[in-house]
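Structural overview for review
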Amino acid sequence: MTSYADFYRRSIDEPDAFWAEQAKLIDWQRPFTRVCNYDNPPFVHWFEGGKTNLCHNAVDRHLKDRPDQAALIYVSTETGLEKTYSFAELHREVQRMAASLQALGVQKGDRVLIYMPMVAEAAFAMLACARLGAIHCVVFGGFASGSLASRIDDATPKVVVSADAGSRGGKIVPYKQLLDEAIRLSSHKPQAVLLTDRALAPMTMVAGRDHLWSALRAAHIDAQVPCEWLDSTDISYTIYTSGTTGKPKGVQRDTGGYAVALAASMTHIFDGRAGETYFSTSDIGWVVGHSYIIYGPLIAGMATLMYEGLPTQGLDKQADGGIWWRLVEKYKVTAMFSAPTAVRVLKKQDPALLKKYDLSSLRALFLAGEPLDEPTARWISEGLNVPIIDNYWQTETGWPLLTVANGVEQTPSKFGSPGIPMYGYRVKLLHESTGEELTQPNEKGVVVLEGPTPPGFMQTVWKDDARFVNTYWKTVPGKMVYSTFDWGIRDEDGYYFILGRTDDVINVAGHRLGTREIEESISGHAGVAEVAVVGVADSLKGQVAMAFVVPKDGSVLGDSAAALKLESEIMKRVDGDLGALARPSRVRFVSLLPKTRSGKLLRRAIQAVCEGREAGDLTTLDDPAALQQIRDRVQAG
Ligand code: PRX
């Protein structure tokens, strides 16, 4: 067996040979002529000249060897639906969906926006887009009309695929209504909307625009739609993510590089084998859902378990903190992928639930999306008795950047550390202000990557190459490196520890949100003069948003009834614009915000005060009374 150190070194020293080898893990309709084109940094083109298709690799390729094996296992504890699609059945459903999209005018290169709850049709729609060479843009169902409208305007989709509603803990989320409102707000109007009716909420159909999937599916029941062979560098999808500005960025990914990266990660990192079952508890609206609910496991020929519902409710809709373990037993799940927050929720359940089921199929639990705290890691590790594998990455990277590659060589994990750099990633730590590389162990710096970035990494920001270069590659003067915007340290054994974001991004229950977006929503309220939103540590969700508002009417400060009323209006506004996930846990009113003399908000100081820490360097603080007010408000509870 190769040592991981050798494997990694080869990926860095001989990237062409290394990745040409990995590229054999997928099918190519036409072989590539150049492995890596890095002639125009920081842009990278992987596998130029090659033609392939993600849907072919995820579905069609497996029809020969495993047509009747499970491909998609769908479980909803919200509706009680449980259904398994074999590869042959998935192939048929995807073709019906592809034919329906074609009937609505979708062609190669067109954008299809998918705004859906966790239903099997969402998977069909993503795969159907890949089949046609249409670019899918999945928007997380937790986002409300305002967020959705700005994404519709940026993606300019020809068609939107949606549903009547989703359900969370029995509470109905009216997707169709939220979508209608978003289309009313957006300047771009999609030509058609394709709707799955789950009979959860009434739908008002817009004549000429709205179509029912059940009708189009029936009309295309025997459809045969071949895969469109795409250039390796053709765009497969865009996915929006938050950054420092309020405007979300469309992270754009290619086709061939992504397919190779996922296939390689399934082998080397997730140790997944064809015929086995993979269970990721994420959502298709996040990058983890794209890479490890849909494409990764299917490309590997595994069954993927797609789950709608809370981790604490059973198929009979009764409380059941063991539902996930029940599913692991039933479907013989070998690899599971979740987020620390979900484990913290489960930790509140009866520990006996972990012993109730036969979990012997499970070989590892992968956790990502936010820091994994040691008590949570220990609890689940003792309960499951399998390796708990933390992995650190981003929407931008598409697959893990730091973790351990047990598929290459068994490597010990360290509590609190996601691990070591994965093959293909040239990871460095740089000094925050000088940009010098930190070479000594345990020095804190910014985690950056040197180019060329590996296959699967974002190509650019959709329609905005300048934003890609300026946002990510120009943060360090005189050096072109990709900034992750995360702080990190590396210990003497080469293990990295991630210490939070350097920018205004917060992480609520593993969901990435931009505080600027929340601030923009709150500033839109007529009663708000100024606002600062910061992320504050929370024992369950990792972080929650906290808002400090300067009201236009100063009397609110001394009138608790008026303050409560304004707080609730502000929360409603954020719910309506962005969704409940972004709603601040508290809105606190102050007469001024702590700023530097040049007027820059001192968010880090506000955050520190909220978390009961020292506020750090305050030499630039304009008026100390502002910070004292925040301290008083926080202490008042
Ligand atoms: O701050 C890091 C944190 O989540 C950010 C990326 O979020 P997102 O784009 O939603 O991608 C999630 C993909 C798993 C990172 O910049 N983060 C992600 N994983 C970890 C983490 N922080 C600590 N440990 C992790 N394992």
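What comes next concerns the included structure.

Topic: the packing of helix 1 (residues 4–13) against helix 2 (residues 15–22)
Orientation of helix 1 relative to helix 2, taken along the N-to-C sense of each, is 115 degrees, at an axis distance of 5 Å. Put simply, helix 1 runs roughly perpendicular to helix 2. Together, F7, R10, S11, I12 and D13 of helix 1 and P15, A17, F18 and Q22 of helix 2 make up the contact between the two elements. A per-class count over the contact of helix 1 with helix 2 returns five nonpolar, two polar and two charged.

Structural notes on the pairing of strand 7 (residues 135–138)
For a regular strand, the rule is simple: side chains alternate between the two faces of the sheet. Burial along strand 7 is two-sided: I135 and C137 facing one way and H136 and V138 facing the other are all buried. Bridge count for strand 6 (residues 111–114) against strand 7 is four bridges, and the pairing is parallel. For R111, the partnering residue across the bridge sits in strand 7 and is I135. For the crossover from strand 6 across helix 5 (residues 120–132) to strand 7, the handedness is right-handed. Here strand 7 runs beside strand 14 (residues 237–241); their pairing, made up of two bridges, is parallel. Counterpart to H136 in the pairing with strand 14 is Y237.

Quick notes on unusual backbone geometry
Of note, the amide linkage connecting P41 to P42 takes the cis form, showing an omega dihedral of 5 degrees. Note on placement: P42 falls in the loop between strand 1 (34–37) and strand 2 (45–48). For the bond from G451 to P452, the omega torsion is -5 degrees, close enough to zero to count as cis. Within the fold, P452 resides in the loop between strand 24 (445–450) and strand 25 (460–461).

So, the pattern of salt bridges
Tallied over the entire structure, the rule returns 42 salt bridges. The shortest N-O distance in the salt bridge between K64 and D65 comes to 3.7 Å. Summarising the burial analysis for this pair, K64 and D65 share the class exposed. A salt bridge links E567 to R586, with the nearest nitrogen and oxygen atoms 3.2 Å apart. Placement of the pair is E567 in helix 16 (residues 560–577) and R586 in strand 32 (residues 586–589), with a sequence separation of 19 residues. When its relative accessible area of 9% is taken as the criterion, E567 is described as buried. Through salt bridges that share partners, K176, D180, R209 and D210 make up one connected network.

Examining the sheet that holds strand 5 (residues 82–86)
What the seven strands build is an open sheet, ordered 5-4-17-16-18-19-20; its pairing is mixed. What marks the edges here is a single partner per strand, and that holds for strand 5 and strand 20 (388–391). Ignoring strand direction, the axes of neighbouring strands in this sheet form an average angle of 20 degrees. Where strand 4 (residues 70–76) lies against strand 5, five bridges are found, and the strand directions are antiparallel. Opposite Y74, over in strand 5, you have K83 as the bridge partner. Helix 11 (residues 323–331) contacts strand 4, strand 5, strand 16 (277–280), strand 17 (303–308) and strand 18 (333–338) of the sheet and is inclined by roughly 150 degrees relative to strand 18.

Describing the site of the ligand
Close contacts around the ligand come from 17 residues, with D390, T395, D486, R501 and R512 the closest. Separating a nitrogen atom of the ligand from a side-chain N or O atom of D390 is a distance of 2.8 Å. Here the ligand, which alone exposes 550 Å², has 95% of that area covered by the protein. Contributions of two or more residues to the shell around the ligand are made by helix 10 (287–299), strand 20 and strand 27 (496–501). For the shell around the ligand, the per-class residue count stands at seven nonpolar, five polar and five charged.

Observations concerning the packing of helix 6 (residues 145–155) against helix 7 (residues 175–185)
Two packed helices can be described by the angle between their axes and the distance between those axes. With their axes 8 Å apart at the nearest point, helix 6 and helix 7 run at an angle of 55 degrees to one another. When the axes of helix 6 and helix 7 are compared, the pair comes out oblique. Seen along the crossing, helix 6 lies across helix 7 with a hand that is right-handed. Taken together, the residues of helix 7 that come into contact with helix 6 (itself represented by S145, G146, L148, A149 and I152) are L178, L179, E181, A182, I183 and L185. A class-by-class count of the residues in the contact of helix 6 with helix 7 yields eight nonpolar, two polar and one charged.

About the thresholds
- Residues numbered from 1 in each chain as written.
- Predicted model: local features only at pLDDT ≥ 70, side-chain atom pairs only at ≥ 80, totals over all residues.
- Heavy atoms only, no water.
- Axes fitted to C-alpha atoms, helices over the stretch in contact; angles between N-to-C directions.
- Helix = DSSP H or I, 4+ residues; strand = E, 2+ residues; numbered from the N terminus.
- Parallel < 35°, antiparallel > 145°, perpendicular 65-115°, else oblique.
- Contact = heavy atoms within 4.5 Å.
- Nonpolar A, V, L, I, M, F, W, Y, C, P; charged D, E, K, R; others polar.
- Buried < 20%, exposed > 50% of the residue type's maximum accessible area, 1.4 Å probe, protein only.
- Pairing = 2+ DSSP bridges.
- Right-handed = clockwise from strand over helix to strand, strands pointing away.
- Salt bridge = Lys/Arg side-chain N within 4 Å of Asp/Glu carboxyl O.
- Near = heavy atom within 4 Å.
- Polar contact = N/O pair within 3.5 Å; in protein donor to acceptor, adjacent residues only side chain to side chain.
- Areas by Shrake-Rupley, 256 points an atom, 1.4 Å probe, with all protein chains shown as cover.
- Left-handed = near helix turned anticlockwise from the far one by under 90°.

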